[in-house]
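# Secondary and tertiary structure notes
Here is how the chains run, residue by residue.
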Amino acid sequence: MSFTAAFRAPVRRTVFSTSCRRAGTEVRANSFRKFSTEVPPPAPKSNTALYAGLGAIAFGGVAYYLYTSSSDTAKEASTAVKSAAQTAKVATKFTPTKADYQKVYNRIAEIIDDASDYDDGSYGPVLLRLAWHASGTYDKNTGTGGSNYATMRFEPEALHGANAGLHVARGLMEKVKKEFDWISYGDLWTLAGVCAVQEMAGPKIPWRPGRIDGFVTHVTPDGRLPDATQGAPHIRDIFYRMGFNDQEIVALSGAHALGRCHPDRSGFQGPWTFSPTTFTNDYFKLLFDEKWVWKSWSGPKQLEDKKTKSLMMLPTDYVLTQDKSFKKYAKAYADDNELFFKDFSSAFSRLLELGVPTQQFVASEPWIMGDEA
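Reading the values: rules and limits
- Residues numbered from 1 in each chain as written.
- Predicted model: local features only at pLDDT ≥ 70, side-chain atom pairs only at ≥ 80, totals over all residues.
- Heavy atoms only, no water.
- Core = buried A, V, L, I, M, F, W, Y, C linked by side-chain atoms within 4.5 Å.
- Buried < 20%, exposed > 50% of the residue type's maximum accessible area, 1.4 Å probe, protein only.
- Helix = DSSP H or I, 4+ residues; strand = E, 2+ residues; numbered from the N terminus.
- Contact = heavy atoms within 4.5 Å.
- Axes fitted to C-alpha atoms, helices over the stretch in contact; angles between N-to-C directions.
- Left-handed = near helix turned anticlockwise from the far one by under 90°.
- Nonpolar A, V, L, I, M, F, W, Y, C, P; charged D, E, K, R; others polar.
- Phe/Tyr/Trp six-rings, centres within 6.5 Å; stacked < 30°, edge-to-face > 60°.
- Pairing = 2+ DSSP bridges.
- Salt bridge = Lys/Arg side-chain N within 4 Å of Asp/Glu carboxyl O.
- pLDDT = per-residue confidence, 0-100.
- Polar contact = N/O pair within 3.5 Å; in protein donor to acceptor, adjacent residues only side chain to side chain.

### Some remarks on the nonpolar core
In terms of nonpolar packing, the biggest core is built from 87 residues, with I108, L127, M173 and F348 touching the most fellow members. The element contributing the most residues to this core is helix 8 (residues 185–199), with nine residues. Beyond its immediate sequence surroundings of up to four residues, I108 is in contact with L127, M173, V176, L188, L191, A192 and C195.

### A closer look at the packing of helix 7 (residues 167–179) against helix 8
The contact between helix 7 and helix 8 brings their axes to 11 Å, and the two run at 115°. Judged by the sense of rotation from one axis to the other, the crossing of helix 7 with helix 8 is right-handed. Across from R170, M173, E174, V176 and K177 in helix 7, the residues of helix 8 making contact are Y185, L188, W189 and A192. Considering only residue class, the contact of helix 7 with helix 8 consists of six nonpolar, no polar and three charged.

### Describing the packing of aromatic side chains
Tallied over the full model, the rule gives 19 aromatic pairs. Each ring, one from Y101 and one from W367, has its centre 5.8 Å from the other, and the planes form 55°; the classification is tilted. In this pair, Y101 sits in helix 5 (residues 98–112) while W367 sits in the segment after helix 14 (337–352), placing the two residues 266 residues apart along the sequence. With a relative accessible area of 2%, Y101 lands in the buried category.

### Brief notes about the packing of helix 5 against helix 7
Contact geometry of helix 5 with helix 7 gives a least axis separation of 11 Å together with a crossing angle of 145°. Seen along the crossing, helix 5 lies across helix 7 with a hand that is right-handed. Residue-level inspection shows V104, R107, I108 and I111 of helix 5 in contact with helix 7, the latter providing L172, M173, V176 and E179. Of the residues belonging to the contact of helix 5 with helix 7, the class tally is six nonpolar, no polar and two charged.

### Points about the sheet that holds strand 4 (residues 303–305)
Strand pairing within a sheet occurs via backbone hydrogen bonds; the two strands may be parallel or antiparallel. Overall, antiparallel pairing links the three strands, which are arranged 3-4-5 in an open sheet. Of all strands in the sheet, those with a lone pairing partner are strand 3 (292–294) and strand 5 (312–313), marking the two edges. One ladder, built from three bridges, connects strand 3 with strand 4; its direction is antiparallel. From the neighbouring strand, W292 faces strand 4, where its bridge partner is D305.

### Considering the pattern of salt bridges
Evaluation of the coordinates by the stated rule reveals 13 salt bridges. For E304, the salt bridge identified is with K295, shortest N-O distance 3.5 Å. Overall, E304 belongs to the buried group, its relative accessible area being 8%. The structure contains a network of salt bridges with shared partners spanning R107, E110 and E179.

### Concerning the environment of G243
Positionally, G243 belongs in the loop between helix 9 (232–242) and helix 10 (246–253). Each C-alpha atom, one on G243 and one on L351, is 9.3 Å from the other, the two residues being 108 residues apart in sequence. Leaving out residues up to four positions away in the same chain, G243 has contacts with K140, E248 and R350.

### Looking at unusual backbone geometry
Cis geometry is adopted by the peptide bond preceding P156, which originates at E155 and carries an omega value of 10°. Inspection of the secondary structure puts P156 in the loop between helix 6 (124–135) and helix 7. The residue S116 is not glycine, and still its phi comes out positive at about 55°. In this structure, S116 sits in the loop between helix 5 and helix 6. At K309, a position not held by glycine, the phi torsion is positive, near 55°. Looking at the element boundaries, K309 is found in the loop between strand 4 and strand 5.

### Quick notes on helix 9
Taking burial as the measure, the eleven residues of helix 9 include eight buried ones, the bulk of the element. When helix 9 is considered as a whole, its buried residues turn out to be A232, H234, I235, R236, I238, F239, R241 and M242. At its buried positions, helix 9 is contacted by helix 6, helix 10, helix 12 (315–318), helix 13 (324–335) and helix 14. Positive backbone phi, approximately 105°, marks G243, located one or two places after helix 9.

### Regarding the confidence of the model for the chain
Per-residue confidence for the chain gives a mean pLDDT of 84; residues scoring 70 or more make up 77%. Note on residues 1–68: pLDDT is under 50 here. Beyond four places in sequence and across chains, it has 80 contacts.

### Brief notes about the environment of D246
As for its position among the elements, D246 is in helix 10. With residues near it in sequence (within four places) discarded, D246 still touches R236, Y240, S325, F326 and Y329. Among the polar contacts made by the side chain of D246, one reaches the side chain of R236 at a distance of 3.0 Å.

See the structure below:
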C-alpha cells in the first residue's frame with residue numbers, strides 16, 4: 001500500500017467513520033511501531049514532505065472541534081487523528097530526541113513559574129499530583145492502570161473523588177500539548193511531574209518516554225488511589241497492589257512536602273509544611289518535631305500543629321509515626337534529607353513507569369531531564 005493510501009485511510013476513518021475507536025486503535029498501534037523502531041530510508045522520488053503537509057492540514061482542520069470538545073468520543077477521535085498526524089511526521093523522519101523532550105520540559109518549567117496568585121505561587125504541586133494520580137492506578141495482578149494510557153482524560157476517571165481539582169493541571173498541560181502535539185499525554189503528564197519535583201529544588205528523577213494514548217475502555221475503576229481518611233491497612237492495600245514495599249510507601253509519602261489541601265477538592269484544608277513550593281524532608285521533620293492535635297472544625301478529620309495551627313496532617317500522614325515499620329523509615333528520612341532524596345527519586349521514577357510495557361520505551365535506560373550542562 002502506498003503512503004498516500006496508508007495515511008488517507010486512517011484519517012478518513014477517524015473523521016467520518018462511526019467506528020472511531022477501532023480505527024484509532026489500529027492507527028495508534030501502527031504509528032507506535034514506527035515511532036519506536038528505526039525508520040527505513042525513503043523510497044526513491046518520495047513525496048513524503050507533500051504527504052506530511054497534507055497530514056498537517058487534515059489534522060488542523062479537525063483539531064479545532066476535537067480540542068474544544070469535552071466529550072469522551074471527541075477525545076478518542078482526537079487521539080486517533082493525532083496518531084495519524086504522527087504517522088506523517090515519522091514519514092518525514094521526525095523522531096523526537098532527548099533534546100525535543102527537553103524543550104517540552106523547559107516549557108513546563110515556564111508554566112510552573114507563571115502561576116501568579118494560584119495557591120502559593122506555583123503550579124508545581126498540582127502538576128506533581130497529576131503525574132502521581134495518573135500513575136498510581138496500577139494493579140500488578142491484572143496489569144491494568146498506570147500511566148500508559150493517560151485515562152484521566154476520560155470520564156468517569158476524571159470525576160473520581162481523588163482527582164478533584166486536577167482539571168487545573170490537565171488544562172495547563174493541554175496548552176503544552178497543542179505546542180508539542182507529537183508527545184503523548186502519558187509522557188507529557190509524567191514529565192510534568194518530574195519537572196515539578198526538580199524545579200522545586202527536589203532530586204533528579206530518572207525518566208524516559210514511550211507511553212501511548214489509550215481510550216475510554218482503558219479507564220480504571222474508582223478506589224485505586226489512597227483515601228486520606230484511612231489507616232495503615234488501607235495504605236498497604238493501595239501500595240502493595242502497585243508493587244511497593246513499606247520503605248517505598250513512606251518515601252513516596254514525602255511528596256506531601258509540596259502543596260496544600262483544598263476544602264472544595266479533597267475536603268481537607270491547609271499545607272503540610274511552611275515551604276509548600278520547596279521539596280525537602282521538612283514533611284518528615286514536622287511529623288516528629290511538632291505536637292499534632294485533632295482540628296476542631298466542620299470538615300473531615302485532620303490534624304493541625306498545636307503551636308501555630310497553620311499546618312495540617314492527614315490521618316494517612318500521621319500513621320507514619322504510629323505504625324512501627326512506617327515509623328522506622330519516616331524517622332530515617334527526617335534525620336537524613338539526602339537519603340530521602342535518593343529513595344524518593346527511585347520510587348517515584350518507578351511509579352511513573354507502572355503499566356508501561358518495557359518494549360514501548362524509546363530508551364533502554366531512563367534519562368535525566370533538565371540537566372542541560
